[in-house]
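Structural overview
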Amino acid sequence: MKSAPITAVIVGAGHRALLYAGYAKNHPDRLKIVGVADPSGVRREAAAREFGLLPDQCFSTAGELAAGPKRADAVINGTMDNQHVPTTLPLLDAGYDVLLEKPFAVSIDEIRALAQAVRKTGRKVMICHVLRYAPFYVEIRSRVAGGQIGEVVNIQTTEHVSYHHMAVGFIRGKWRKKDDCGSPMLLAKCCHDLDLVAWMKSGIHPSRAGSFGGLTQFKSEKAPDGSGRRCMVDCTIEGQCPYSARKHYIERNWWNFYSWESLEHVKSLTDEAKRESLRTDNPFGRCVWRCDNDVVDHQSVVVEFADGCTATHNMVGGVAMPSRSMHLIGTAGEIYGSLETSRFAVRRLNPDVQCGYSEETVDLNVQGDMHGMRGGHGGGDLLLVRDFVDFLQGSPPSISCTTIDDSISGHLIALCAEQARLNNTIVDIPKL
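My aim in this report is to walk through the structure given alongside it, one point at a time.

What counts as what
- Residues numbered from 1 in each chain as written.
- Predicted model: local features only at pLDDT ≥ 70, side-chain atom pairs only at ≥ 80, totals over all residues.
- Heavy atoms only, no water.
- Pairing = 2+ DSSP bridges.
- Helix = DSSP H or I, 4+ residues; strand = E, 2+ residues; numbered from the N terminus.
- Contact = heavy atoms within 4.5 Å.
- Axes fitted to C-alpha atoms, helices over the stretch in contact; angles between N-to-C directions.
- Buried < 20%, exposed > 50% of the residue type's maximum accessible area, 1.4 Å probe, protein only.
- Polar contact = N/O pair within 3.5 Å; in protein donor to acceptor, adjacent residues only side chain to side chain.
- Salt bridge = Lys/Arg side-chain N within 4 Å of Asp/Glu carboxyl O.
- Phe/Tyr/Trp six-rings, centres within 6.5 Å; stacked < 30°, edge-to-face > 60°.
- Lys NZ or Arg CZ within 6 Å of the ring centre and 35° of its normal.

Digging into the sheet that holds strand β7 (residues 152-162)
As summarised here, the arrangement of the nine strands in space is β14-β13-β12-β11-β7-β10-β9-β8-β15, forming an open sheet in which the pairing is mixed. For this open sheet the edge positions go to β14 (357-363) and β15 (427-428), each flanked by a neighbour on one side alone. Here strand β8 (residues 206-214) runs beside β15; their pairing, made up of two bridges, is antiparallel. Residue pairing across strands places Ala209 opposite Val427, the latter belonging to β15. Together, β8, β9 (298-305) and β15 form the strand contacts of helix α15 (residues 404-423), whose direction differs from that of β8 by roughly 50 degrees.

Comments concerning the side chain of Asn77
As for its position among the elements, Asn77 is in strand β4 (residues 74-77). A relative accessible area of 1% places Asn77 in the buried class. A polar contact of 2.8 Å, which involves the side chain of Asn77, links it to the side chain of Thr79. A distance of 3.0 Å separates polar atoms of two side chains, one belonging to Asn77 and the other to Thr88. Setting aside its immediate chain neighbours within four residues, Asn77 contacts Val11, His84, Thr87, Thr88, Val98, Leu99, Leu100 and Glu101.

Some remarks on helix α7 (residues 135-145)
The complete set of buried residues in α7 reads Pro135, Phe136, Tyr137, Ile140, Arg141, Arg143 and Val144. Positive backbone phi, approximately 80 degrees, marks Gly147, located one or two places after α7.

Brief notes about the pattern of salt bridges
This structure, assessed with the given rule, holds 32 salt bridges. Residue Asp292 pairs with Lys177 through a salt bridge whose shortest N-O separation is 3.9 Å. Pair noted here: Asp292 is in the loop between α13 (271-279) and β9 and Lys177 is in the loop between α8 (163-171) and α9 (178-181), with a separation of 115 residues, a long-range link. The partly exposed category is assigned to Asp292, whose relative accessible area is 31%. Exposure remark for Lys177: the relative accessible area of 22% places this residue in the partly exposed category.

Some points on the packing of aromatic side chains
Under the criterion given, the structure shown has twelve aromatic pairs. Ring centres of Trp175 and Tyr258 lie 5.5 Å apart, and the angle between their planes is 80 degrees; this geometry places the pair in the edge-to-face category. Note that Trp175 is positioned in the loop between α8 and α9 and Tyr258 in helix α12 (residues 256-259), a separation of 83 residues in sequence. Judged by relative accessible area, which is 15%, Trp175 ranks as buried. For Tyr258, a relative accessible area of 11% corresponds to the buried category. Ring centres of Trp255 and Tyr258 lie 6.5 Å apart, and the angle between their planes is 10 degrees; on these two criteria the pair is classed as stacked. Among the residues examined, Trp255 registers a relative accessible area of 24% and is labelled partly exposed. One aromatic cluster in this structure is built from Tyr163, Phe218, Tyr243, Trp254 and Trp289. Lying across the ring of Phe51, Lys25 places its NZ or CZ 5.5 Å from the centre.

So yeah, pure geometry; function would need other evidence.
And the structure:
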């Protein structure tokens, strides 16, 4: 087992990659950042300052990094969805192991190409399925794997996307158009949830999928009277609108790592500079009903597995409170819970009591500092990085650890379900 720190290069120095790389600051004995590759000079320089990198450790592209001598053990790839496979393939050939942001591919051909490259090169690729590391889902998966509810015959999951997250990511933001980011909403947002569904049925192939949904709320014909093109320019109802850009991005400063990307070169960003940006060319200043978004704002998916198990997933955007829930029904019991509360109930068949079942409530009491590491996605973000380092250092894989083959099913469900929605049909899911 390797005792020296794992060395890594950041590829795509955006929010996600820098968050993962931040593990190195608190655990320098385990992970060391030794380079960055990003076409943005501003981001390269910011990463260089943050991690103490020299000019010869900074690269403009992943291709430039891959073409030179091997610089590190691994790469943390946080590029955009449609860049994941094109940037990763040459890095695998160059000998790097990869921590790869999800969705890791935007088509079945890309999934196949990446899987083949991993098998050919023998490199390790871990996909950032961070919710597999949230203690809530780890505990549920452990109980399912231990047979506590028998054979799983039905899975029901939901994801409710808050109105402010929906606005910043999928209406005003970089995932608003499939042709731009490469991913439909189901893949860009729900690859987490569909991976969890596949994980709960680990080893069983999802055989076919169907889906319904569309863009219903956030389009021009639904714009309220008095709304304009830009919140802070020509809107007469901005003061009362729950989607006010001023309220979201100045007063609340929600999702600031997205909303102020266009001003990341400004060293001292004042509120007046923010207001001027939202009034002029900042895409986050636009009315949510008058953007150029084309991804769905709600979608329902149904999946059948090879063993006959069925699963459903419902995504609804624009809700007041974000939430994720999971309900697993097995031949000997069921598990139902909510990620936000970090609690779930385990109900088992029990004819010895009047109500017919026994119930155990599991409260993981997950708040604030998660296992000594703060992070998002129910505590999964930095726990994933810890596991990646363990994986590369030769530790036995954890229950959450993924190989590329483990990660394929959830993405296949998303892509085939979207095809089913667009074509109003049922789609057979291929085996790769």
